[in-house]
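Tertiary structure, described
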Amino acid sequence: MTSNPYEELARQKKATTIVNYLWREMRPADRVDPETLMVLRLSGQEARDIVAEYAGQNSPSEATWALVVKGISERIQVARWGKEQTA
């Protein structure tokens, strides 16, 4: 199945908006805690909908949420790496 490029762009934009919101709202300790990522991965649709609403977005699909998890994962890795380098 080939994805519509406009749908994919909209999905990326929505995921980025949610990632930016989550990152902005996270405590510094959560930004380096791998458990944060696990919580996001395991969150149910109701929790995802609440997060999306706070971020000003509509309910995220599974594909969009996967991009959110990936985006937060990448940011946590960068935050942890940076912290380890200064430790």
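Refer to the structure printed above.
My aim in this report is to walk through the structure given alongside it, one point at a time. Note that this is a predicted model, so its numbers are computed, not measured.

1. Remarks on helix α3 (residues 45-54)
Buried within α3 we find Arg48, Val51 and Ala52. The buried residues of α3 occupy one face: seen down the axis, they fall within an arc of 100 degrees. α3 presents Glu46, Glu53 and Tyr54 as exposed residues on the side facing more than 90 degrees away from its buried surface. Just downstream of α3, Gly56 is the residue with a positive phi angle, here 80 degrees.

2. A closer look at the nonpolar core
Counting residues in each nonpolar core, the largest one holds 17 residues, and the members touching the most others are Ile18, Leu22, Leu40, Val51, Trp65, Val68 and Ile72. At the level of elements, α1 (5-25), α2 (34-42), α3 and α4 (62-86) are the ones that each hand at least two residues to this core. The element contributing the most residues to this core is α1, with six residues. Other than its neighbours up to four places away in sequence, Val68 contacts Ala15, Ile18, Val19 and Leu22.

3. Topic: the side chain of Arg48
Looking at where Arg48 falls in the secondary structure, it is placed in helix α3. Those residues in contact with Arg48 that lie beyond four places of it in its chain are Arg41, Ser43, Pro60, Glu62 and Trp65.

4. Some words on the environment of Pro5
Inspection of the secondary structure assignment puts Pro5 in helix α1. Its relative accessible area of 58% is what places Pro5 among the exposed residues.

5. So, the pattern of salt bridges
Under the defined criterion, the tally for this structure stands at four salt bridges. The closest approach of N and O atoms between Glu62 and Arg48, which form a salt bridge, is 3.0 Å. Residue Glu62 is located in helix α4, and its partner Arg48 is located in helix α3; the two are separated by 14 residues in the primary sequence. Ionic pairing is found between Lys70 and Glu74, a salt bridge with its closest N-O pair at 3.5 Å. Highlighted residues: Lys70 and Glu74, both in helix α4, separated by four residues, approximately one helical turn.

6. Description of the packing of α1 against α3
Axis separation between α1 and α3 bottoms out at 9 Å; the angle between their running directions is 85 degrees. Overall, the two elements α1 and α3 adopt an arrangement that is roughly perpendicular. Across from Ile18, Tyr21 and Leu22 in α1, the residues of α3 making contact are Val51, Ala52 and Tyr54.

Cut-offs applied
Residues numbered from 1 in each chain as written. Predicted model: local features only at pLDDT ≥ 70, side-chain atom pairs only at ≥ 80, totals over all residues. Heavy atoms only, no water. Buried < 20%, exposed > 50% of the residue type's maximum accessible area, 1.4 Å probe, protein only. Helix = DSSP H or I, 4+ residues; strand = E, 2+ residues; numbered from the N terminus. Arc of directions from axis to C-beta. Core = buried A, V, L, I, M, F, W, Y, C linked by side-chain atoms within 4.5 Å. Contact = heavy atoms within 4.5 Å. Salt bridge = Lys/Arg side-chain N within 4 Å of Asp/Glu carboxyl O. Axes fitted to C-alpha atoms, helices over the stretch in contact; angles between N-to-C directions. Parallel < 35°, antiparallel > 145°, perpendicular 65-115°, else oblique.

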